[in-house]
Amino acid sequence: MLQRVAELSTAAFAGADFAGIAMLGADGRPTTGIYTDEDSPSVDRAQYESGRGPCLDAWQVKRVVRIDDMRQATDVHPEFARAALDHGTPSTLSLPLIAGSKGLGV
């Protein structure tokens, strides 16, 4: 079901090349378990390893985090921005997955 959500999300947003869904893995750490493109987990890994990135921010504050120009994000999320740019990802939109008041993923 979540795979279908990722696919529909990519189709719903004009200009979206791929989508990934991050949740807690079996080890209790964030992981991108659902994705529509092989680059998504590689890009996201940079934020999981550094502990900072737009998906983690969206998850924590339960709000949308949008980066229109990744080159402008190198001071706020340097590891993630470098990985995204290395993979040809110029922008991102991180949408929290919320149930009640609990953030379940992004």
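Structure shown above.
This structure is a prediction, so every number in the text was calculated from the model and none was measured.

Definitions and cut-offs
- Residues numbered from 1 in each chain as written.
- Predicted model: local features only at pLDDT ≥ 70, side-chain atom pairs only at ≥ 80, totals over all residues.
- Heavy atoms only, no water.
- Helix = DSSP H or I, 4+ residues; strand = E, 2+ residues; numbered from the N terminus.
- Contact = heavy atoms within 4.5 Å.
- 1 Å grid on protein atoms, 1.4 Å probe; cavity = no way out; pocket = protein on both sides within 12 Å on 5 of 7 lines; lining within 4 Å.
- Points joined across faces, edges and corners; volume = space filled by probe spheres on them.
- Nonpolar A, V, L, I, M, F, W, Y, C, P; charged D, E, K, R; others polar.
- Salt bridge = Lys/Arg side-chain N within 4 Å of Asp/Glu carboxyl O.
- Buried < 20%, exposed > 50% of the residue type's maximum accessible area, 1.4 Å probe, protein only.
- Patch = residues over 30% accessible without salt bridge, like charges linked within 9 Å, V, L, I, M, F, W, Y side chains within 5 Å.
- Areas by Shrake-Rupley, 256 points an atom, 1.4 Å probe, with all protein chains shown as cover.
- Core = buried A, V, L, I, M, F, W, Y, C linked by side-chain atoms within 4.5 Å.
- Axes fitted to C-alpha atoms, helices over the stretch in contact; angles between N-to-C directions.

Caption draft 1: Representation of the side chain of Ser-40 within the structure. Here Ser-40 is to be found in helix H2 (residues 39-50). Residues in contact with Ser-40, not counting those within four places in the same chain, are Phe-18, Ala-19, Gly-20, Thr-32 and Tyr-35.

Caption draft 2: Looking closely at the layout of surface pockets. Each pocket or cavity is described by its volume, and for the largest pocket that value is around 840 Å³. Grouping the amino acids of the lining of the largest pocket by side-chain chemistry returns 18 nonpolar, 10 polar and four charged.

Caption draft 3: Up close: the pattern of salt bridges. Per the counting criterion, the structure on display carries four salt bridges. A salt bridge links Arg-52 to Glu-79; its shortest N-O distance comes to 2.8 Å. Taken together, the residues span a long stretch of sequence, with Arg-52 in the loop between H2 and helix H3 (54-61) and Glu-79 in helix H4 (residues 78-86) at a distance of 27 residues. With a relative accessible area of 37%, Arg-52 lands in the partly exposed category. For Arg-66, the salt bridge is made with Asp-68, and the minimal N-O distance between the two is 2.6 Å.

Caption draft 4: How the structure looks around a nonpolar patch on the surface. Taken together, Phe-13, Val-64, Leu-93 and Leu-95 make up a surface patch of nonpolar side chains, about 330 Å² in accessible area. Within the secondary structure layout, Val-64 lies in the loop between H3 and strand E3 (65-67).

Caption draft 5: Molecular detail of the environment of Asp-57. Take Asp-57: it is sitting in helix H3. Sequence-wise, Asp-57 and Leu-95 are 38 residues apart; in three dimensions their C-alpha atoms are separated by 9.9 Å. In contact with Asp-57, not counting residues within four places along its chain, are Lys-62, Val-65 and His-77.

Caption draft 6: How the structure looks around the nonpolar core. Counting residues in each nonpolar core, the largest one holds eight residues, listed as Ala-22, Tyr-48, Cys-55, Leu-56, Ala-58, Trp-59, Val-65 and Val-106. Leave out the neighbours within four places in its chain, and Ala-58 touches Arg-63, Val-65, Ser-94, Pro-96 and Val-106. Membership of the second largest hydrophobic core comes to seven residues, among which are Val-43, Ile-67, Ala-73 and Phe-80.

Caption draft 7: Main features of the packing of H2 against H3. One can describe the packing of H2 onto H3 by two numbers: an axis separation of 8 Å at closest approach and a directional angle of 60°. Here H2 contributes Asp-44, Gln-47 and Tyr-48 to the contact with H3, which in turn contributes Pro-54, Cys-55 and Leu-56. Its residues assigned to classes, the contact of H2 with H3 comprises four nonpolar, one polar and one charged.

Caption draft 8: Up close: unusual backbone geometry. Unusually for a residue other than glycine, Lys-62 sits at a positive phi of about 55°. With respect to the helices and strands, Lys-62 occurs in the loop between H3 and E3. According to the relative accessible area criterion, Lys-62 is partly exposed, its value standing at 34%.

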